[in-house]
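Survey of secondary and tertiary structure
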Amino acid sequence: MAKKTKKEKTSAEDKYRDVVKKYNYLGFLYNATHPGAYCASPPHQVYIELTNVCNLRCTHCPQSTMRRKPQYMDMKLFEKIIKELAPHKPFIDLYLQGESLLHPKIVDAVKICRKYGLLPRITTNATLLKKNLSKKLIDAGLDKIEFSMSGATKKGYEAIHRGAKYEDTLNNMLDFLELNAGAGFPVHARPVFVQEEKTINEKEKYIRLFSKLPLDDIHVSPLINMFGWNKELDLSPFKNKPREEWPICKCPWRQIGINADGSVRACIFDYDSRYLVGDENKESIVNLWNSEKMQKFRQTIIDRRYEEFDKPGLPLCTECSQIWPSNANPDTTQLPQDFCKEMDNFFKNEQHLFRARYAPLEEKKKKAEWLKKNRKEWLKEALAD
Ligand SMILES: C[S@@+](CC[C@H](N)C(=O)[O-])C[C@H]1O[C@@H](n2cnc3c(N)ncnc32)[C@H](O)[C@@H]1O
Ligand code: SF4
Ligand code: SF4
């Protein structure tokens, strides 16, 4: 039998991976619409924190309040996690708190994911994304990159991303996009703008500006009130509701997070590890997904006994905006009530999860050509107030 070329092999692997992922998503939807403490389907997304250290102090992010010890994940531990997860094909998000590009083995982490057939994705502040690193990440097989840039003027961006320089971050992103175009667009790329009062007036410019670039989409993300940190989102009207009217949060049926020291958190937003379910150094993430503590977490949420996770000075679900729908965030993490609606949302909004590219290739090629010729003008417009 003729030996398969690398390209044929990759395409068959991609198809297989996509089928497993769709199957897993259906499993998640079933479990989410019939919630129980035990979750029969594997996690759809696993977040792995390569480091909790960050070079910035963005105003919307609780990084500066984090009490955990600064830590970098050991690469042997990282490979153990990926090996255990490989048969279940979850998406691998290479971040939680901190800035993953600070990890000296970030490129190896991407390669390890690919070696085991998993898709590595990253959200980064892009301040350290120099050309050389961009090239290595693209070559290593990064599947998706999100540039966290919540502003469209120097003043707005730098007021939020404290410690970053607007022009430098823009240039890093443009270099990445040019290299990605040169490689045939293997990495799904998009900027993310967290919508908040301070910069809401920059949203229109942001969309106009970024629409000119060879990106796959532009993500406008709602601000999340993480446990009282983001006062702009007042939760008091919700908190006064009778507890039985509180929604059930879908997160623990969908995703799980591993901290840089290997401790495993039930909720990915729990940046200070209020509720841990185990230790990856001693156990397997696949077992921890349905460990006694993880099941207790789900059951407590089903029973809406949310206050049980609060610790003095460290509230969790009782101070989290994620479950409460608002104008800015209609699609919250409430447990889906309607299977068909959720499926519809899923295929409309989350296609990129399955490597479908929002922007057609021809359109991206044209924009990449445009960028080559007009980079200076684009930067001038970006830097104008
Ligand atoms: C916690 S950061 C970690 C990765 C990396 N340091 C970065 O900034 O991209 C991941 C994402 O969370 C976003 N984020 C932080 N705090 C947020 C909040 N309160 N509401 C919404 N998004 C937030 C950041 O803007 C960023 O896009
Ligand atoms: S949003 Fe990212 S870059 Fe900004 S402080 Fe938080 S972890 Fe750091
Ligand atoms: S309600 Fe918020 S804190 Fe609680 S599990 Fe859901 S996302 Fe996490």
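The structure contained in this document is the topic of the report that follows. All values reported here derive from a predicted model rather than from experimental measurement.

**Side note on the site of ligand 2**
Taken together, Cys 54, Leu 56, Arg 57, Cys 58, Cys 61, Gln 63, Gln 97, Gly 98, Glu 99, Asn 125 and Ser 148 are the residues near ligand 2. Its residues placed into classes, the shell around ligand 2 shows four nonpolar, five polar and two charged.

**Re the environment of Arg 68**
Along the chain, the position of Arg 68 falls in the loop between β2 (57-58) and α2 (75-85). Spatially, the C-alpha atom of Arg 68 lies 8.1 Å from that of Asn 52, the residues being 16 residues apart in sequence. Every residue in contact with Arg 68, bar those within four places of it in the chain, is listed here: Asn 52, Asp 272 and Ser 273.

**A short note on the nonpolar core**
Core analysis: the largest hydrophobic core is formed by 83 residues, its most contacted members being Val 46, Ile 48, Ile 92, Ala 109, Cys 113 and Ile 285. It is helix α3 (residues 106-115) that contributes the most residues to this core, five residues altogether. Beyond its immediate stretch of four places on either side in the chain, Val 46 contacts Leu 85, Pro 90, Ile 92, Gln 255, Ile 256, Ile 258 and Ile 285.

**Description of the site of ligand 1**
Every one of the 18 residues lining ligand 1 counts as a neighbour, but Cys 61, Thr 123, Asn 125, Ser 148 and Ile 224 are closest to it. Those elements giving two or more residues to the shell around ligand 1 turn out to be β4 (120-124) and β7 (188-195). Within the shell around ligand 1, the residues separate by chemical class into eight nonpolar, nine polar and one charged.

**Overview of the sheet that holds β7**
One open sheet holds the nine strands; their spatial order is β8-β7-β5-β4-β3-β1-β9-β10-β11, and the pairing between them is mixed. Two strands bound the open sheet, and with one partner strand each, they are β8 (219-222) and β11 (276-279). Strand-to-strand twist of the sheet, defined as the mean angle between neighbouring strand axes without regard to direction, takes the value 25°. As paired elements, strand β9 (residues 255-258) and strand β10 (residues 263-265) share two bridges and run antiparallel to each other. Its bridge partner lying in β10, Ile 258 is registered against Val 264.

About the thresholds
- Residues numbered from 1 in each chain as written.
- Chains lettered and ligands numbered in written order.
- Predicted model: local features only at pLDDT ≥ 70, side-chain atom pairs only at ≥ 80, totals over all residues.
- Near = placed C-beta within 6 Å.
- Nonpolar A, V, L, I, M, F, W, Y, C, P; charged D, E, K, R; others polar.
- Helix = DSSP H or I, 4+ residues; strand = E, 2+ residues; numbered from the N terminus.
- Contact = placed C-beta atoms within 7 Å.
- Core = buried A, V, L, I, M, F, W, Y, C linked by C-beta atoms within 7 Å.
- Buried ≥ 20, exposed ≤ 12 C-beta atoms within 10 Å, placed from the backbone.
- Pairing = 2+ DSSP bridges.
- Axes fitted to C-alpha atoms, helices over the stretch in contact; angles between N-to-C directions.

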